[in-house]
Amino acid sequence: MASKFREDFDIEKSTPARDRFTKLLFDLRMPEELAEWPPLHVHKRKCNRARNRTLCCLLIIVLLFLIGNVIFLNVRILSMNTGTPSSTSDLSANAQQCLSQYTLNAPSSPSSYPCSTCLPILQTAPSNYLSSNPQNAQQILNAIQFCGLRAIFDTTNAQGQASLGWVNDVRFCAWNGVTCDGSGRVASLQLTFPGVPATLPNELGALTGLESFQVIGGNSIPVGALPSSFANLTILSNLHIEATSITQLPDNIFSSLTAITTLTLIRNPTMGSSLPSSLTQLPLQNLVINSQSLTNPLPSLSSSPALQASLKLLDLSSTSLTGPIPNTISSISSLTQLLLSNNNLQPPFPTTFPPSLQILNLQNNTALTGTVPNSLCNSTLLTSCELGSTGLSGGCGLCQLS
């Protein structure tokens, strides 16, 4: 006990007075024995693992969806940047300027549009640009066709221009003699004196959608050769040239104009007497040549396999034909009309004619002699047979000689 007291004394002696005072106050305030605290009853809640798993799955799905959208947008932007642009960037600066001038300025001032400069530029517009920019492609096509037609107008004299009445606007589909198809292409062009050009301009070849072209001139105009660009009219099916001073057609002209089914040439005295050899390769259905001299083309026409299968109307009236009608005429199996009046045809007279023949006119061939064959007399399809003023004999049925 004495040792413990000594230890306590030594501790108190060594402890500062402030700490001893604090301890005294603490001992006075604290009860001698602290009551035992009741145990804490903590209940652990079980985690709803299924719900947490569902939330995790939904979160993963949302994140994947957001990531997929970001990737898709990036790929789309990249493809738009690297793919074919839809702006005018594929056009040259000159082509863009020509297109803008036609769109903005030409409607109010059509005669001032620089066709001589812009036509060749716009004709070389890239095909990939035209296919990916349909609205601009249509405007480019319109500008090209406008320039092709305006060249005809510019080559026409004042009287002809007044007759045409063109170039007051750029709505050429409504111009006199111009017909467009549903896509805005000039499909038919009819020029009648005095509204015809002095010469057919090279820009005519810009009308590549032309299916029918008719020019009826004033005998002295148009003059000269067909322009070289005429070969561009590859879908032309009807060509009518009348009362002009156009010179001889190029021999190979129909090598490119392979779609022609109707060819009409009337009163073109400077066109020469020989037909282009390429004519026999056409699928012609109607061939009409009147009032201009021809070297007899019947042998070559009737021996052409293409014409034997396709030709329905052959009219070579008043063409100064000489020589005989060849027996191969019967090989034109689809022929329904054969008109050879006002010529100088000679014997021998063919013994057979195409069985499909419905109309035959050989009037005013005074040198033509022979006997009318039974194939004509017995034909059930023949509706008209004119053989007057010939040296033929043996008229029968419809084929009377007087």
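Placed above this text is the structure.
None of these values were measured; they are calculated from a predicted model.

Novice: Even after reading the chapter, I still don't get the pairing of strand β16 (residues 390-393), so can you show me in this structure?
Specialist: Two faces belong to every sheet, and in a regular strand the side chains alternate between them. Residues T390 and L392 point to one face of β16 and are all buried, whereas G391 and S393, pointing to the other face, are not buried. The sheet contact formed by strand β14 (residues 365-371) and β16 spans 4 bridges and is parallel. Looking at β16, one finds that T369 is bridged to G391.

Novice: In this structure, what is going on with the nonpolar core? I would like to understand it.
Specialist: Most often, soluble globular proteins keep nonpolar side chains buried together rather than apart. Counting 90 residues, the largest nonpolar core has Y113, W166, L189 and F213 as the members making the most contacts within it. Ranked by the residues each element gives to this core, the list is headed by helix α7 (residues 134-154), at 8 residues. Dropping the residues within four chain positions of it, L189 is found in contact with L149, I152, W166, G177, V178, L204, L207, L210, S212, F213 and Q214.

Novice: Help me understand the environment of V178 in this model?
Specialist: Mapped onto the fold, V178 is located in strand β1 (residues 178-180). With a relative accessible area of 6%, V178 lands in the buried category. It is 9.2 Å that separates the C-alpha atoms of V178 and L149, two residues lying 29 residues apart in sequence. The contact partners of V178, leaving out residues within four places of it in the chain, are L149, W166, F172, C173, V186, S188 and L189.

Novice: Just checking my understanding: could you explain the state of the cysteines for this structure?
Specialist: A covalent bond between the sulfur atoms of two cysteines is what we call a disulfide. Under the counting rule described, the total for this entry stands at 5 disulfides. Across a sulfur-sulfur distance of 2.2 Å, C98 and C118 are joined as a disulfide pair. Handedness of the C98-C118 disulfide follows from its S-S torsion of about -85°: it is left-handed. Of this pair, C98 sits in helix α4 (residues 93-104) while C118 sits in helix α5 (residues 115-122), and the two are 20 residues apart along the sequence. Each of the two residues, C98 as well as C118, counts as buried. Here C173 engages in a disulfide with C180; their sulfurs sit 2.1 Å apart. Here the S-S torsion is close to -95°, and the disulfide linking C173 with C180 is therefore left-handed. The class for C173 is partly exposed, based on a relative accessible area of 36%. For the protein, the disulfide bridges join cysteines in the arrangement 1-3, 2-4, 5-6, 7-9, 8-10, where the cysteines are counted in sequence order.

Novice: Looking at this model, I keep getting lost on the sheet that holds strand β15 (residues 384-386). Mind explaining?
Specialist: Remark on secondary structure: sheet strands pair via backbone hydrogen bonds, oriented parallel or antiparallel. Read from one edge to the other, the open sheet built from 10 strands follows the order β1-β2-β3-β5-β7-β8-β9-β11-β13-β15, with strand pairing classed as mixed. Every interior strand has two partners, whereas the edge strands, β1 and β15, have only one. Neighbour-to-neighbour, the strand axes of the sheet open up by a mean angle of 5°, direction not taken into account. Looking at chain direction, strand β7 (residues 262-266) and strand β8 (residues 286-290) are connected through 5 bridges and run parallel. Bridging from a neighbouring strand, L263 pairs with L287 of β8. The sheet strands contacting α7 are β1 and β2 (186-192), and the helix crosses β2 at an angle near 10°.

Novice: Hey, could you run me through α7 in this one?
Specialist: Residues three or four positions apart in an α-helix share a direction because the helix packs 3.6 residues into each turn. With 21 residues, α7 should reach 30 Å at 1.5 Å per residue; the first-to-last C-alpha distance of 30 Å fits that figure. In terms of burial, α7 is largely enclosed, as 15 of its 21 residues are buried.

Novice: Help me understand the environment of A243 in this model?
Specialist: Relative to the helices and strands, A243 resides in the loop between β5 (238-242) and β6 (245-246). A243 sits 26 residues away from G217 along the chain, and the two C-alpha atoms are 5.0 Å apart. Contact partners of A243, with chain neighbours within four places excluded, come to G217, G218, N219, I221, I266, R267 and N268.

Novice: Explain the packing of α4 against α7 here, please?
Specialist: Any two packed helices are characterised by how steeply their axes cross, that is the angle between the axes, and by the distance between the axes. Taken N-terminus to C-terminus, the directions of α4 and α7 make an angle of 80°; their axes are 10 Å apart at the nearest point. Classed by the angle they form, the pair α4 and α7 counts as roughly perpendicular. Only N136, Q139, I140, N142, A143 and F146 of α7 make contact with α4, whose side of the interface consists of L99, Y102 and T103. Looking at the contact of α4 with α7 residue by residue, the class counts come to 5 nonpolar, 4 polar and no charged.

Novice: I'm lost on the packing of α4 against α5 in this one. Help?
Specialist: One can describe the packing of α4 onto α5 by two numbers: an axis separation of 9 Å at closest approach and a directional angle of 120°. The pairing of α4 with α5 is recorded here as oblique in orientation. Between α4 and α5 lies a crossing whose hand is left-handed. Mapping the contact onto sequence places N94, A95, C98, L99 and Q101 in α4 and C118, I121 and L122 in α5. Its residues placed into classes, the contact of α4 with α5 shows 6 nonpolar, 2 polar and no charged.

Thresholds applied
Residue indices follow the written sequence of each chain, beginning from 1 at its first position. Per-residue local features of the predicted model are confined to residues with pLDDT of at least 70, and side-chain atom pairs are confined, for both listing and counting, to 80 or more; whole-chain, interface and lining totals are unaffected and use all residues. For side-chain calculations, the full set of non-hydrogen atoms in the structure is used, while hydrogens and water are omitted. Exposure classes here rest on a 1.4 Å probe applied to the protein chains alone. A residue is buried below 20% of its type maximum, exposed above 50%, and partly exposed in between. Counting from the N terminus, the helices are the DSSP runs of H or I reaching at least four residues and the strands are the DSSP runs of E reaching at least two. Note: two strands are recorded as paired if DSSP finds a minimum of 2 bridges between them. By nonpolar core is meant a set of buried Ala, Val, Leu, Ile, Met, Phe, Trp, Tyr and Cys residues that side-chain atoms within 4.5 Å join together. Here, residues are in contact when the closest pair of their heavy atoms is within 4.5 Å. Disulfides are defined as cysteine sulfur pairs within 2.5 Å. Orientation is described by axes fitted as lines to C-alpha atoms, over the contacting stretch for helices, and by angles from 0 to 180 degrees between their N-to-C directions. In a helix, the anticipated span is given by 1.5 Å times the number of residues less one. Throughout this description, any angle smaller than 35 degrees is read as roughly parallel, any larger than 145 degrees as roughly antiparallel, any in the 65 to 115 degree range as roughly perpendicular, and the remainder as oblique. Throughout, the ten residues Ala, Val, Leu, Ile, Met, Phe, Trp, Tyr, Cys and Pro are labelled nonpolar, Asp, Glu, Lys and Arg are labelled charged, and all others, Gly among them, are labelled polar. Working rule for handedness: look at the near helix, and if it is turned counterclockwise from the far one by less than a right angle, call the crossing left-handed; if clockwise, right-handed.

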